[in-house]
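Coordinate inspection notes
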Amino acid sequence: MLDPKGDTALYLLYAYARMDSILRKIGMDPAKMQELINKAKIVITHEKERELAFEIIKLPEIIEEFVNELLPNKLCALVYEIAVKVGEFYESCKVIGTPEQDTRVLLIEISLRMMKCILNLLGIQPLSKIQSNHYHTQILSLIHI
C-alpha cells in the first residue's frame, strides 16, 4: 500500500500531487482555471493526450457500475489507469510554454478533479504536496478505515 510504484495508494497520491504541482507552477488559481475552462477548447493532437482523454470519458460508466453493482474495484482500476496515463502523458508531452498548453492544462485539471472525486469516494484524501521524509505518516493519516 505504501510502495511509491505500481498500483498503490502512494502512487495515486504522488500522481495527484504531481498534477497539482504543474498547475501551481504556471500560477493556475481557481479564477484563472475557470477563465480557461470558459474560453479554451480541448484540441487533441498527440496520441498520449488521446489515451488520457479515453480514460477520462470512462468515469460516468464506472460511477454507474459502482453505484448499481457496488464494485469499488472499478473505481480503483480507473483511478490507477488515469494516474498511469497522466504519467505517460507527462513523459511524452511538454505542458508549459507550448502552443498546446491550454489543452494540456485542461486535461490535467480534468484528471485532477476526477482523481479527487474517486479518491474521496474510496475514503482517501488527496494531497497537493508529498514531503518525502514523512510520506508514510502522511499517507496513513489520510486513509479512513
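Preceding this section is the structure that the text describes.
This one's a predicted model, so the numbers in the text were calculated from it and none came from an experiment.

What counts as what
Residues numbered from 1 in each chain as written. Predicted model: local features only at pLDDT ≥ 70, side-chain atom pairs only at ≥ 80, totals over all residues. Heavy atoms only, no water. Buried < 20%, exposed > 50% of the residue type's maximum accessible area, 1.4 Å probe, protein only. Helix = DSSP H or I, 4+ residues; strand = E, 2+ residues; numbered from the N terminus. Arc of directions from axis to C-beta. Contact = heavy atoms within 4.5 Å. Axes fitted to C-alpha atoms, helices over the stretch in contact; angles between N-to-C directions. Parallel < 35°, antiparallel > 145°, perpendicular 65-115°, else oblique. Left-handed = near helix turned anticlockwise from the far one by under 90°. Nonpolar A, V, L, I, M, F, W, Y, C, P; charged D, E, K, R; others polar.

What sets the pattern is the α-helix's 3.6 residues per turn: residues three or four places apart point alike. Among the residues of helix α4 (residues 59–69), Leu59, Ile62, Glu65 and Phe66 are the ones counted as buried. The buried residues of α4 all sit within an arc of 130° when viewed along its axis, so they share a single face. Looking at α4, the residues exposed on the side facing more than 90 degrees away from the buried face are Pro60, Glu61, Glu64, Val67 and Asn68. Along its buried surface, α4 packs onto α3 (47–56), α5 (72–92) and α6 (101–121). Directly beyond the C-terminal end of α4, a positive phi value near 55° is found at Leu70.

The subject of this paragraph is the packing of α3 against α5. Working note: a packed helix pair is described by the angle between its axes plus the distance between those axes. Contact geometry of α3 with α5 gives a least axis separation of 9 Å together with a crossing angle of 165°. With respect to α5, the axis of α3 lies roughly antiparallel. Along this stretch, α3 crosses α5, giving a crossing that reads as left-handed. Between α3, through Lys48, Glu49, Glu51, Leu52 and Glu55, and α5, the contact on the second element is made entirely by Leu78, Glu81, Ile82, Lys85, Val86, Glu88, Phe89 and Ser92. Here the contact of α3 with α5 is built from residues that sort into five nonpolar, one polar and seven charged.

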